[in-house]
Amino acid sequence: MTAVAVIDRAAFARNVRRLVERAAPAEVMLAIKADAYGHGMLDLAPVALAAGARSLAVLEIPAALALREAGIDCRLFAWLHGTGSDFAAAIAAGIDLGVSAPWQLDAIASAASTARPARVHLKIDTGLRRNGALPEQWPALVRQARELAETGRIVIDGIWSHLADASVEADDAAIAVFEAAIATAEALGVSPPLRHLAASSAGWREPRARFDLVRFGIAAYGVSPFDDRSGLDLGLEAVMTLRTTVMDAAAPSGRSWIAAGYADGVPAAAQGAEVSIDGHRCAVEAVEVDRTLVVSPPSVEPGAVVTVFGEPAAGVPSAEDWARWSRTIGDEILTGVPARVPRSAVG
Ligand SMILES: *Cc1c(COP(=O)(O)O)cnc(C)c1O
């Protein structure tokens, strides 16, 4: 074994169930973008739905199409479009499309027909400045959508936005902008059934941000969206465990090489990092492309199993620990395990 990422489907299912309970009566759309944050989108999509998620979110149309081809028949939401996006394929596959700009509405309506209308969710920018109509552009976008809906080529199913999750105060301000946008749309005769704003952070802590649906992502993978509370604190479980073994290559005295390096997802820039070998925490001394030097535990044998991160309940470093050691967020640690590291699903 060089490195393997063990994916605990049962832990993922328990996390999703916990989020579904937390969000109720709002429903849960589970974000499985970036190949389910590195865990394997096609493997986890059915698990999320069985655990109570009602719908799934990806960034781009091709990922949504791949889910459809794999037989996933729930509501699928994709919102990151370019001028080359294949809206016709998305509409044919019944993908819900997030819409930020007039050109997108036009392109989507042109690709749709009255027999096969496109389902769209209109995006208001509530302060993140990562696409979405600015408040001053919003009435025009809503009017354009209403006119296209009247032709029968589109159905307006949602109004949505995304929070910066910078602070409770920033979230509150964004909620106010969102509510004003909903009121503006209503005044223009547009009242879609799904209003959605929150991801993991506000979805967890702010009931007022939940509206009809919460788009949970990182929390479902066992990583807390908060700096001051771990996933474990929130009752969430690690889903990915990155494992390798002790190598038999000669190492300096009192040190061991383990068979995973930065090309396997071991963060190279971490300060004060540790791995777990036979229940011992072992300090990391150097990360190379395909191997890492660690302080040996007592009486180590080549082939001994090394846990780089995962299973925090068992005293093993978590992805959150590695994020802290690397001055980044847990998302980056999980998605940083490259696709060439085999995923081994259990549970
Ligand atoms: C990534 C993403 C989510 C999920 O965010 P988390 O913070 O991981 O829960 C939800 N909505 C959008 C638009 C996203 O890009």
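Remember, predicted model here, so these are calculated numbers, not experimental data.

## Side note on the overall build of the protein chain
- When helices and strands are tallied, the protein chain shows 11 helices and 16 strands.
- Computed over the C-alpha atoms, the radius of gyration of the protein chain is 22 Å, within 12% of the 20 Å expected from 2.2 N^0.38 for a compact globule of 347 residues.
- Taken along its principal axes, the extent of the C-alpha atoms in the protein chain is 75 × 40 × 30 Å.
- Evaluated residue by residue, the protein chain yields a buried proportion of 52% over its 347 residues.
- Within the protein chain, residue pairs in contact and separated by at least 24 positions form 65% of the contacts whose partners lie at least 6 positions apart.
- For the protein chain, the accessible surface area stands at approximately 14,400 Å², while carbon and sulfur atoms represent 51% of it.
- With 31 positive and 41 negative side-chain charges, the protein chain shows a spacing of 3 Å between the two charge centroids.

## Re the domain arrangement of the protein chain
- Taken domain by domain, the protein chain holds domain 1 (10–221) and domain 2 (240–346).
- A straight line from the C-alpha centre of domain 1 to that of domain 2 covers 36 Å.
- Contact with domain 1, which involves 8 residues of that partner, is made by 7 residues of domain 2.
- Connecting domain 1 to domain 2 are 0 salt bridges.
- Linking domain 1 with domain 2 are 1 residue pair in polar contact (both at pLDDT 80 or more).

## Observations concerning the layout of surface pockets
- Taken as a whole, the largest pocket encloses approximately 1,100 Å³ of empty space.
- For the largest pocket, the lining is made up of 50 residues, of which Ile 218, Ser 224, Pro 225, Ile 329 and Asp 331 are closest to its centre.
- Per-element tally for the lining of the largest pocket: the top contributor is helix H10 (residues 319–325), with 4 residues.
- Tallied by class, the residues present in the lining of the largest pocket amount to 24 nonpolar, 12 polar and 14 charged.
- Residues lining the lining of the largest pocket come from more than one domain, with at least three contributed by each of domain 1 (10–221) and domain 2 (240–346).
- Asp 8, Glu 237, Ala 238, Thr 241 and Glu 311 are, among the 13 residues lining the second largest pocket, the residues nearest its centre.
- Elements supplying a minimum of two residues to the lining of the second largest pocket: strand E1 (3–8) and strand E10 (240–245).

## Overview of the site of the ligand
- Around the ligand, the surrounding shell holds 13 residues, and the nearest of these are Lys 33, Tyr 37, Ser 200, Arg 215 and Gly 217.
- Within the side chain of Tyr 37, a nitrogen or oxygen atom sits 2.6 Å from an oxygen atom of the ligand.
- Residue Ser 200 places a side-chain N or O atom 2.5 Å away from an oxygen atom belonging to the ligand.
- Its atoms largely coinciding with the cavity grid, the ligand occupies the largest pocket.
- Looking at the shell around the ligand, the elements with two or more residues in it are helix H2 (33–37) and strand E9 (213–216).
- Its residues assigned to classes, the shell around the ligand shows 7 nonpolar, 3 polar and 3 charged.

About the criteria used
Residues numbered from 1 in each chain as written. Predicted model: local features only at pLDDT ≥ 70, side-chain atom pairs only at ≥ 80, totals over all residues. Heavy atoms only, no water. Helix = DSSP H or I, 4+ residues; strand = E, 2+ residues; numbered from the N terminus. Rg over C-alpha atoms; globule rule 2.2 N^0.38 Å. Buried < 20%, exposed > 50% of the residue type's maximum accessible area, 1.4 Å probe, protein only. Contact = heavy atoms within 4.5 Å. Areas by Shrake-Rupley, 256 points an atom, 1.4 Å probe, with all protein chains shown as cover. Lys, Arg positive; Asp, Glu negative; His and termini not counted. Charge placed at Lys NZ, Arg CZ, Asp CG, Glu CD. Domains from an automatic or database assignment. Salt bridge = Lys/Arg side-chain N within 4 Å of Asp/Glu carboxyl O. Polar contact = N/O pair within 3.5 Å; in protein donor to acceptor, adjacent residues only side chain to side chain. 1 Å grid on protein atoms, 1.4 Å probe; cavity = no way out; pocket = protein on both sides within 12 Å on 5 of 7 lines; lining within 4 Å. Points joined across faces, edges and corners; volume = space filled by probe spheres on them. Nonpolar A, V, L, I, M, F, W, Y, C, P; charged D, E, K, R; others polar. Near = heavy atom within 4 Å. Sits in = over half its atoms within 2 Å of the grid points.

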